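Fold and geometry: a report
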Amino acid sequence: MLDSIFSSIKKAAIEVNSLLGKCNFTYLNSTNSTGDKQLQIDVLSNNIFKDVLLELDSVKGICSEEENEIIYKKDCRSGFYIVAFDPLDGSSIVDSNFSVGSIFGIYNNELSAKNLIASGYVLYGVRLEIVIAQSDVNHYVYDGVEWRFIGNLVLNQKGNLNAPGGTQKSWLTNHKILIESLFLEGYRLRYSGGMVPDLHNILVKGGGLFSYPSTNDAPNGKLRALFEVFPFAFIFEKAYGEAIDGKNRLLDLEIDSLHQSLPCFFGSKYEIERVKLAYK
Ligand code: F6P
Ligand code: MG
């Protein structure tokens, strides 16, 4: 049953990819629930994912970064999964022609991290790729005709990339020291401003740290739990890495609202140990 959800997401990804090649990146007069200005491509991508997913018998509802509420199917007795997605992550860098993505999490019956049973992301980059995590993290590329399996993504114990998000002037002192100490150890800066390419880079290169911490002005960070943080936490754990909020495992956390954000750290074992020491 999950396979039909993955097939629909792959179908939507091909459509969004082709739209990205044609569309003007014009802003609409609207904002989403978090107050971000919406591009026309945000709304179009949202509709593409929404339509293909709500057609499926196994899906009882969807929720999206671009929708205020959960949308349940009229006859929601038929399905049991709720798919949460960010239809176009990184839309603030799309006009620079940087890579962007779509992120999704499949929740069994209820939108809670413990009910997440699969997740993944689409990467609209030099080529179109999708990564799907269930028991393993499977990586596929679209060759123009079909999706070809490339391999599993597995993290080493330690990497050498550092992707530090958030406004530096608002970082807490322990965070500043952590990030600086990794650079002093030889870690290299890799940060495009797109969560999907930045985390994909760490997964493909076998390790490193991506952080979007709690700051003075944003105690809950910026990245949204259901659409961004939990799906990537699931992927990193299945790739033998870890994902925490500084102290706690992200997938153990409960949230209070649909669009809640959480501070987050994703990495291989070594870097996450360093985070725990810095935040204890
Ligand atoms: O969805 C939010 C997002 O665009 C992520 O893709 C990205 O990791 C983050 O914001 C970048 O935020 P900032 O511009 O504050 O570094
Ligand atoms: Mg996003």
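Here the structure is a predicted model, which is why all the values come from computation and not from measurement.

Here the focus is the domain arrangement of the protein chain. As far as domains go, the protein chain holds domain 1 (2-152) and domain 2 (161-278). When each unit is reduced to the centre of its C-alpha atoms, the spacing between domain 1 and domain 2 is 21 Å. Contacts between the two partners involve 42 residues from domain 1, matched on the other side by 27 residues from domain 2. Where domain 1 meets domain 2, there are three salt bridges. A salt bridge links Glu 65 to Arg 224, with the shortest nitrogen-to-oxygen separation between them at 3.7 Å.

The subject of this paragraph is the layout of surface pockets. In this structure, the largest pocket spans a volume of roughly 440 Å³. Gly 90, Ser 91, Ser 92, Lys 222 and Arg 224 are the residues nearest the centre of the largest pocket, which is lined by 26 residues in total. When residues of the lining of the largest pocket are traced back to their parent elements, those giving at least two are β2 (37-39), β5 (81-89), α4 (195-205) and β13 (209-212). The residue inventory of the lining of the largest pocket, partitioned by class, reads eight nonpolar, seven polar and eleven charged. Counting the residues that make up the lining of the largest pocket, at least three belong to each of domain 1 (2-152) and domain 2 (161-278).

The next subject is the sheet that holds strand β12 (residues 188-189). Here we have five strands laid out as an open sheet, ordered β12-β11-β13-β15-β14, and mixed in their pairing. Every interior strand has two partners, whereas the edge strands, β12 and β14 (242-244), have only one. Where strand β11 (residues 161-164) meets β12, two bridges bridge the pair, whose relative direction is parallel. Each residue of the ladder has a partner; that of Leu 161, found in β12, is Arg 188. Each of β11, β13 and β15 (264-267) is contacted by α4, which is oriented at about 155° to β13, the strand it contacts most. Each of β14 and β15 is contacted by helix α5 (residues 225-238), which is oriented at about 25° to β15, the strand it contacts most.

Below, the discussion takes up α4. Along α4, eight of the eleven residues are buried, which leaves the element largely enclosed by surrounding structure. Within α4, burial applies to Met 195, Val 196, Pro 197, Asp 198, Leu 199, His 200, Ile 202 and Leu 203. Looking one or two residues past α4, Gly 206 carries a phi angle of roughly 90°, positive in sign.

Reading guide: rules and limits
Residues numbered from 1 in each chain as written. Chains lettered and ligands numbered in written order. Predicted model: local features only at pLDDT ≥ 70, side-chain atom pairs only at ≥ 80, totals over all residues. Heavy atoms only, no water. Domains from an automatic or database assignment. Contact = heavy atoms within 4.5 Å. Salt bridge = Lys/Arg side-chain N within 4 Å of Asp/Glu carboxyl O. 1 Å grid on protein atoms, 1.4 Å probe; cavity = no way out; pocket = protein on both sides within 12 Å on 5 of 7 lines; lining within 4 Å. Points joined across faces, edges and corners; volume = space filled by probe spheres on them. Helix = DSSP H or I, 4+ residues; strand = E, 2+ residues; numbered from the N terminus. Nonpolar A, V, L, I, M, F, W, Y, C, P; charged D, E, K, R; others polar. Pairing = 2+ DSSP bridges. Axes fitted to C-alpha atoms, helices over the stretch in contact; angles between N-to-C directions. Buried < 20%, exposed > 50% of the residue type's maximum accessible area, 1.4 Å probe, protein only.

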